[in-house]
Amino acid sequence: MKKRIAVIALATAALLATSVAATAKPASKKLSGTLKVVAWEGYTENQWVKPFEKQTGCTVQHQYAGSSDEMYNLMKKNAGYDLVSASGDASNRLIASGLVQPIDPSTIPNWKQLTPQLVKGPNHYVDGKYYGLPWQWGPNVLMWNTAKYSGATNSWSALYDPKNKGKITIPNNPIQIADAALYLSKTKPALGIKDPYELNSAQLHAAVLLLKQQRPLIKAYWGFATDEVKIFQTGGATLGAAWPLAVAQLTRAGMKVSQTIPKEGATGWSDVWMLAKHPKNQPCAEAWLKYAAGAKVQAEVAKFNTYTPANLQSCKALGATLCKQLHADGDTAYLNRIKFWKTPLSDCGNGKNECAPYSEWVQAWTSIKG
Amino acid sequence: MTKAESPLTRLSAFFFRHRGLKLVLLLAVPLAWLIGVYLASLGSLLVQSFWRADELSPNPVHVWNLDNYREFLTGDPVYRSIVARTIGFAAITTLVDIVLAFPLAYYLTRVARPRTRRLMLVLITVPLFSSLIVRLYSVRLILDDGGILHSLLATFGLNVQIGFTELAMAIAFAYVWLPFMILPVYAALERVPGSLIEASRDLGAKGSTTFRTVVLPLAFPGVVAGSIFTFSLTLGDFITPAIVGGDNHQLIGSVVYSNFGIANNAPFAAAFATVPLVIMAVYLLAARRLGAFDHL
């Protein structure tokens, strides 16, 4: 009985508290309504969404997408979404289809803190207009087990060296062909590869050939990031192409691993917030863009996902170790060596449609693995 | 009519007079399901397979063509070798599961006491309650290079690497689909009348003769039913090759998945997905030929 009374008392108190809170609405809450966003999982967690809702009065409603295709489709259906957290292989399509509108940098107070290379990313900086607000990114690094691998790590050639047979793991993703193309652009300049995502048939053929030679050296192809970690822990792999996320997780698990971007450079991905062409709730969408540009929010998202924040001031909130591990310090030389993912299209800019579209990359990838 | 009819009696009399309506009510929901969900999705799969993927949009271009079929039938030989590999894995999985399941099912029906039988049947189905992915990762704990089996063999001085090999995949397949073989074989063996076995013995047949001429023919439909499960489940799987095989050995499912999920090339995936349909049609015809469905 005592217990029940306590419960009733608590409930009454809670009711009182909410009604008090409701009447004591701060005057700064000018906005209202629902903000509908299409996002990747891990991008709309309560830790940073709730404070935004409290600050602005907007209610965030998210729709997760499982792939860039799904993201594009959701925006295309015109179901009243205001914002989308697009990756490089969706942003170019969204702009081309006129589903998003440019963002005015002067309305974003923290715009200057965002990594300049990402702000002018070729997938969302089009015709001098900024369609994307840089949010999170990540490179694809060369990772190795320092206790078990003592060979060279200054070049991606480590992943093509027969000496390392049965020790290598790489992502199971057709976009991995770009990694081979990037390597060939430096080691075989005669092929004339300028952009690892724009390959004509001869260049694609050369990359496929290299990956076919690599095929017998592979211990396993990894599909999910957790898989990559397991293949390093117990699967017998000692070096491979990896995400910094795996390096952080393995380090936390007590394994001695190291990472680098080899001399040829690396591929990577970058996600940006994009504003729908006809948002249902433009004031809330603009408020979110302002909020999302902030260092503290970006650091929280990065910590949650082990991605790298685009805001260069995030390091304070990340701490020195994580900042260094994630390369969040805006090291220009480092960033300039990353070629960010985009969808390979047959039109590679010269108007001749002579490049291999992504569907051909996928068929080539099937053929590589045999 | 002296007694007042209850509404229930009247209802049943109504249905007695209108037999057609009874049939409609009985089959309406399952038929709607079959046509609306099952056949419609199969139909849309077939239709899509004759379209072409669009580079920029997830929606295929509605241009009727046979290119997708041409690609894997006459194009890159990799697709034919993937089909052959998949059939090989399905066949090996089925054979291994028959060898494992038959003695166990025989023990359960003829030897085990009811208590033991119930316990073992529960144990056999327990893995089906957990997620396939979890089960595959637990297989990995045994088979990986640092795994239990590897360390066990290492104590005998054997350094055999099983992780991510074809052997690992075969072991995993046989493990995950085993219950689907045990249960139908068990059900078939349970229906073999004990009197037939006794009669065979009374007439002087040896144990092996009784098994060959009485038990085996009667249990055969159960084995075929189980093999349809193990064979078709292996044909369509893409998770086992990804997790246990490290995607080193692609199967039909892996190609379908990468074209659907990653490449945005649903038409090609749909076309390639007709291969297991054709294989299963041939398989079922062969099973019918062998008399597997005679007692249905």
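All figures in this text were calculated on a predicted structure; none of them were measured in a lab.

The subject of this paragraph is the overall build of chain B. Each helix and strand in chain B was counted, giving 13 helices and zero strands. Listed by position from the N terminus, the elements making up chain B come as α-α-α-α-α-α-α-α-α-α-α-α-α. In summary, chain B has a C-alpha radius of gyration of 25 Å against a globular reference of 19 Å for 296 residues, an excess of more than 25%. By residue count, 39% of the 296 residues in chain B fall in the buried class. Of the contacts made within chain B by residues no fewer than 6 positions apart, 65% connect residues no fewer than 24 positions apart. About 16600 Å² of surface is accessible on chain B, with carbon and sulfur atoms providing 71% of the total.

Let us now look at the pattern of salt bridges. Residue and element names in this part refer to chain A. Scanning the entire structure with this criterion turns up nine salt bridges over all chains. Note that D161 is salt-bridged to K163, the shortest N-O span being 3.9 Å. Judged by relative accessible area, K163 falls into the exposed class, the value being 68%. When salt bridges with common partners are traced through the structure, they connect D195, E198 and K342 into a single cluster.

We now examine the domain arrangement of chain A. Residue and element names in this part refer to chain A. As assigned here, chain A comprises domain 1 (34-138 + 269-337) and domain 2 (141-265 + 343-369). Counting residues at the interface gives 11 residues for domain 1, matched by 12 residues for domain 2. The largest per-residue losses of area from domain 1 upon contact with domain 2 belong to T306, Q325 and R337, which jointly make up 53% of the total buried on that side. Joining domain 1 to domain 2, the criterion identifies two residue pairs in polar contact (both at pLDDT 80 or more). Elements supplying a minimum of two residues to the side of domain 1 that touches domain 2: helix 4 (88-96) and helix 13 (320-326). Here the side of domain 1 that touches domain 2 gets four residues from one element, more than from any other, and that element is helix 4.

Chain A puts 33 residues into the contact, and the matching count from chain B is 34 residues. In total, chain A and chain B occlude about 2800 Å² of area from one another, counting both sides; carbon and sulfur atoms represent 47% of this. Contact with chain B buries surface across chain A, with K219, Q363 and T366 of chain A losing the most and accounting together for 20% of the total. At the surface where chain A touches chain B, the tally comes to three salt bridges. For K219 of chain A, the salt bridge identified is with D145 of chain B, shortest N-O distance 2.9 Å. Breaking the side of chain A that touches chain B down by element, the ones donating at least two residues are helix 3 (68-76), strand 10 (218-222), helix 8 (225-233) and helix 15 (358-369) of chain A. Among the residues forming the side of chain A that touches chain B, the class breakdown is 11 nonpolar, 14 polar and eight charged.

What follows is about the nonpolar core. Nonpolar side chains tend toward joint burial in soluble globular proteins. Ranked by internal contacts, the top residues of the largest apolar core, which has 107 residues, are L133, I177, W273, W288 and W361 of chain A. For this core, the two domains that each supply at least three residues are domain 1 (34-138 + 269-337) and domain 2 (141-265 + 343-369) of chain A. Excluding residues within four positions of it along the chain, I177 of chain A makes contact with L199, L204, A207, L211, W361, A364, W365 and I368 of chain A. Formed by 26 residues, the second largest nonpolar core is a distinct cluster that contains Y79, V83, V256 and A270 of chain B.

Take the side chain of T210 of chain B next. Residues and elements named next belong to chain B. Along the polypeptide, T210 turns up in helix 10 (residues 207-236). In terms of polar contacts, T210 uses its side chain to reach the side chain of S200, at 2.8 Å. For T210, the contacting residues outside a window of four places in its chain are I197, S200, A205 and V215.

This part takes up the packing of aromatic side chains. Summed over all chains, the structure comprises 31 aromatic pairs over all chains. Here the aromatic rings of F14 of chain B and F15 of chain B are separated by 5.7 Å at their centres, their planes lie at 65°, and the arrangement is edge-to-face. Taken together, the aromatic side chains of Y43, F52, W135, W269, W273, W288, Y291 and Y307 of chain A make up a single cluster linked through ring pairs. The ring centre of Y81 of chain A lies 5.1 Å from the NZ or CZ of K36 of chain A, which sits over that ring.

A word on the state of the cysteines. By definition, a disulfide links two cysteine residues through a covalent bond between their sulfur atoms. Residues and elements named next belong to chain A. Considering all chains together, one arrives at two disulfides over all chains under this definition. Across the disulfide from C58 sits C284; the S-S distance is 2.0 Å. With the S-S dihedral at roughly -95°, the linkage between C58 and C284 falls on the left-handed side. Linking C58 in the loop between helix 2 (46-56) and strand 2 (59-64) with C284 in helix 10 (residues 282-292), this pair joins segments that are 226 residues apart in sequence. The class of C58 is buried, set by a relative accessible area of 1%. Across a sulfur-sulfur distance of 1.8 Å, C315 and C323 are joined as a disulfide pair. Disulfide C315 to C323: torsion about the S-S bond roughly 70°, handedness right-handed. Of the two residues examined, C315 and C323, each falls in the buried class.

This part is about the confidence of the model for chain B. All names here are of chain B. Of the residues in chain B, 96% have a pLDDT of 70 or more, and the chain-wide mean is 90. Taken element by element, the predicted model of chain B shows its lowest mean pLDDT in helix 12 (residues 252-262) (85) and its highest in helix 4 (residues 78-111) (96). Taken together, the chains of this predicted complex give a pTM of 0.79 and an interface ipTM of 0.77.

On to the domain arrangement of chain B, then. Residue and element names in this part refer to chain B. Per the domain assignment, the segments of chain B are domain 1 (7-48) and domain 2 (71-295). Each side of the interface is counted separately: domain 1 has four residues, and domain 2 has six residues. For the pair domain 1 and domain 2, the summed buried area comes to about 410 Å², and 78% of that belongs to carbon and sulfur atoms. Taken as a group, L45, L46 and Q48 account for 90% of the area that domain 1 buries against domain 2, more than any other trio of residues on that side. Taken together, the links from domain 1 to domain 2 amount to zero salt bridges. The interface formed by domain 1 and domain 2 includes zero residue pairs in polar contact (both at pLDDT 80 or more). A breakdown of the residues in the side of domain 1 that touches domain 2 according to their chemical character gives three nonpolar, one polar and no charged.

Our next topic: the packing of helix 1 (residues 7-17) of chain B against helix 2 (residues 19-48) of chain B. Residues and elements named next belong to chain B. Contact pair helix 1 / helix 2: the axes reach a minimum separation of 5 Å and the direction vectors enclose 105°. Taken together, the axes of helix 1 and helix 2 are roughly perpendicular relative to one another. Only R19, L21, K22 and L25 of helix 2 make contact with helix 1, whose side of the interface consists of F14, F15, F16 and R17. Among the residues forming the contact of helix 1 with helix 2, the class breakdown is five nonpolar, no polar and three charged.

Another aspect to go through is the environment of F220 of chain B. Residues and elements named next belong to chain B. Relative to the assigned elements, F220 resides in helix 10. For the pair F220 and L189, spaced 31 residues apart in sequence, the C-alpha separation works out to 9.0 Å. Those residues in contact with F220 that sit more than four places away from it in its chain are L290 and A292.

Conventions we followed
- Residues numbered from 1 in each chain as written.
- Chains lettered and ligands numbered in written order.
- Predicted model: local features only at pLDDT ≥ 70, side-chain atom pairs only at ≥ 80, totals over all residues.
- Heavy atoms only, no water.
- Helix = DSSP H or I, 4+ residues; strand = E, 2+ residues; numbered from the N terminus.
- Rg over C-alpha atoms; globule rule 2.2 N^0.38 Å.
- Buried < 20%, exposed > 50% of the residue type's maximum accessible area, 1.4 Å probe, protein only.
- Contact = heavy atoms within 4.5 Å.
- Areas by Shrake-Rupley, 256 points an atom, 1.4 Å probe, with all protein chains shown as cover.
- Salt bridge = Lys/Arg side-chain N within 4 Å of Asp/Glu carboxyl O.
- Domains from an automatic or database assignment.
- Buried area = accessible area lost by both parts, 1.4 Å probe.
- Polar contact = N/O pair within 3.5 Å; in protein donor to acceptor, adjacent residues only side chain to side chain.
- Nonpolar A, V, L, I, M, F, W, Y, C, P; charged D, E, K, R; others polar.
- Core = buried A, V, L, I, M, F, W, Y, C linked by side-chain atoms within 4.5 Å.
- Phe/Tyr/Trp six-rings, centres within 6.5 Å; stacked < 30°, edge-to-face > 60°.
- Lys NZ or Arg CZ within 6 Å of the ring centre and 35° of its normal.
- Disulfide = S-S within 2.5 Å.
- pLDDT = per-residue confidence, 0-100.
- Axes fitted to C-alpha atoms, helices over the stretch in contact; angles between N-to-C directions.
- Parallel < 35°, antiparallel > 145°, perpendicular 65-115°, else oblique.

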